[in-house]
Amino acid sequence: MEKRTSVIAFFCVVWSAVAAIQVDIPQDQYEFARGDNITLPCKFQSALSSLKLAIISWTAGETVILTHYHPAGVTNINPKYQGRVSVDVNINGGTGKADLKLSSITMADNNEIRCLVLIPNDDEGKPADAATLTVLVGPSPPICKVQGKAEYGQNINLTCYSEEGSPPLSYKWESRDVKNTPRTLTSGTDQGGILSLSDISKETSGFYICTSSNNISSATCNISLAVNPPNMDIDSPAGQR
Ligand SMILES: *[C@@H]1O[C@H](CO)[C@@H](O)[C@H](O)[C@H]1NC(C)=O
Ligand SMILES: *[C@@H]1O[C@H](CO)[C@@H](O)[C@H](O)[C@H]1NC(C)=O
């Protein structure tokens, strides 16, 4: 009995879905890396079985990116987007798609994007759908520095920071001894990319490699650290590499 009720409910939902225009962008959120060439899908289904006229437009925030006229096959593109957008339209009876293709995306493309389909005599239902476009950026090469004196017995911090990166970056330090053999660090990297080394000695000398990463890409720096006895007159070559 319960099953039959849900079957009836299901048919009601399907029926109401085809009784008027339904525009659908499948996901609420799209994430792509900066520089990518992307396709944002838009599907639609009309209550009419054949479309004599349809006007499809894509917008980013308040800006109209393009407008396509069916069946004329004419697409008007906003001059701001000229040369980097197109729309892939395919209409079959009362259903169709109008996918937006956008090349070489930049941070300026972070926006709410919308697909709107206008069909005469089919204006009930859901004539538009929206999604958020998020542009992701891998880390820029990290800038790494030594804070403190590279002398026996001192406590120093090695810092690692990438100026650019979205979503937020995570940092990890690794070390190699003076012969470039990997070794285990006794203290870990904090969230901000700082490695604290305490009571340093000659053995602390070596290479320190920091990797900053997010799910887009990663980048590294490589510091050569030379720890010397205190009060040495010669400048220690503990700089950044
Ligand atoms: C994007 O397409 C352009 C040509 O329109 C091409 O030069 C470029 O390499 C493509 N970029 C990527 C990341 O595929
Ligand atoms: C770090 O730099 C040193 C000196 O240039 C080099 O020998 C070593 O291979 C580098 N290590 C990594 C992991 O890049």
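Coordinates for the structure precede this section.
Definitions and cut-offs
- Residues numbered from 1 in each chain as written.
- Chains lettered and ligands numbered in written order.
- Predicted model: local features only at pLDDT ≥ 70, side-chain atom pairs only at ≥ 80, totals over all residues.
- Heavy atoms only, no water.
- Salt bridge = Lys/Arg side-chain N within 4 Å of Asp/Glu carboxyl O.
- Buried < 20%, exposed > 50% of the residue type's maximum accessible area, 1.4 Å probe, protein only.
- Disulfide = S-S within 2.5 Å.
- Helix = DSSP H or I, 4+ residues; strand = E, 2+ residues; numbered from the N terminus.
- Pairing = 2+ DSSP bridges.
- 1 Å grid on protein atoms, 1.4 Å probe; cavity = no way out; pocket = protein on both sides within 12 Å on 5 of 7 lines; lining within 4 Å.
- Points joined across faces, edges and corners; volume = space filled by probe spheres on them.
- Nonpolar A, V, L, I, M, F, W, Y, C, P; charged D, E, K, R; others polar.
- Axes fitted to C-alpha atoms, helices over the stretch in contact; angles between N-to-C directions.
- Core = buried A, V, L, I, M, F, W, Y, C linked by side-chain atoms within 4.5 Å.

Student: Go over the pattern of salt bridges with me, naming the residues and quoting the values.
Tutor: Taken as a whole and assessed by the stated rule, the structure comprises 5 salt bridges. With a shortest N-O distance of 3.8 Å, K97 and D99 are connected by a salt bridge. The exposure class of K97 is partly exposed, given its relative accessible area of 28%. Of the residues examined, D99 reaches a relative accessible area of 11% and is grouped as buried. Across the pair D129 and K126 runs a salt bridge whose closest N-O atoms are separated by 3.4 Å. The buried category is assigned to D129, whose relative accessible area is 13%. On the basis of relative accessibility, which here comes to 34%, the residue K126 falls in the partly exposed class. Here the salt bridges do not stand alone but share partners, grouping D88, K97 and D99 into one network.

Student: Break down the state of the cysteines for me, citing the residues and quoting the values.
Tutor: Disulfides are covalent bonds that link the sulfur atoms of two cysteine residues. Taken as a whole and assessed by the stated rule, the structure comprises 3 disulfides. Each bonded cysteine of the chain is numbered by sequence order, and under that numbering the disulfide pairs are 1-2, 3-6, 4-5.

Student: Go over unusual backbone geometry, please, and point to the residues and values.
Tutor: A cis amide bond, omega 10 degrees, links H70 with the succeeding residue P71. Examined against the element boundaries, P71 turns out to sit in the loop between β6 (63-70) and β7 (74-77). In this structure, the amide linkage connecting S166 to the following residue, P167, adopts the cis form with an omega of 5 degrees. With respect to the helices and strands, P167 occurs in the loop between β13 (156-161) and β14 (170-176). Within the chain, N121 stands out as a residue other than glycine whose phi angle is a positive 70 degrees.

Student: Any details on the sheet that holds strand β15 (residues 182-183)? Residues and values, ideally.
Tutor: With antiparallel pairing, 4 strands are arranged side by side in an open sheet as β15-β14-β17-β18. The open sheet has two edge strands, β15 and β18 (218-225), and neither has a second partner. Taken together, the 8 bridges between strand β17 (residues 206-213) and β18 define a ladder with antiparallel strand orientation. Across the sheet, T211 pairs through a bridge with T220, a residue of β18.

Student: So what about the layout of surface pockets? Which residues, and what values?
Tutor: Gaps left between atoms are located by rolling a probe of water-molecule size over the structure's atoms. One number sums up the size of the largest pocket: a volume of about 170 Å³. Around the largest pocket sit R183, T184, L185, T186, S187, S196, L197, S198, T204 and Y208, which together line it.

Student: Residue-level account of empty space enclosed by the protein, with values.
Tutor: Scanning the model with the defined rule gives 1 cavity of 30 Å³ or more in all. When its volume is computed, the largest cavity comes out at roughly 30 Å³. For the largest cavity, the full set of lining residues is A60, I65, Y81, L102, D109, N111, I113 and L133. Per-class residue counts for the lining of the largest cavity are 6 nonpolar, 1 polar and 1 charged.

Student: Got a sec to walk through the sheet that holds β7? Specific residues and values, please.
Tutor: With respect to topology, 6 strands assemble into an open sheet ordered β2-β11-β10-β5-β6-β7, the strand pairing being mixed. Every other strand in the sheet has two partners, leaving β2 (29-33) and β7 as the edge strands with one partner each. Each neighbouring strand pair of the sheet contributes to a mean axis angle of 20 degrees, computed without reference to strand direction.

Student: Any chance you could break down the nonpolar core for me, citing the residues and the numbers?
Tutor: Of all hydrophobic cores here, the largest spans 29 residues; its most connected members are I25, L40, F44, W58, I65, I113 and V117. Examining the composition of this core, we find that 4 residues originate from one element, strand β5 (residues 54-60), more than from any other. Of all hydrophobic cores here, the second largest spans 17 residues; its members include I156, L169, Y171 and W173.

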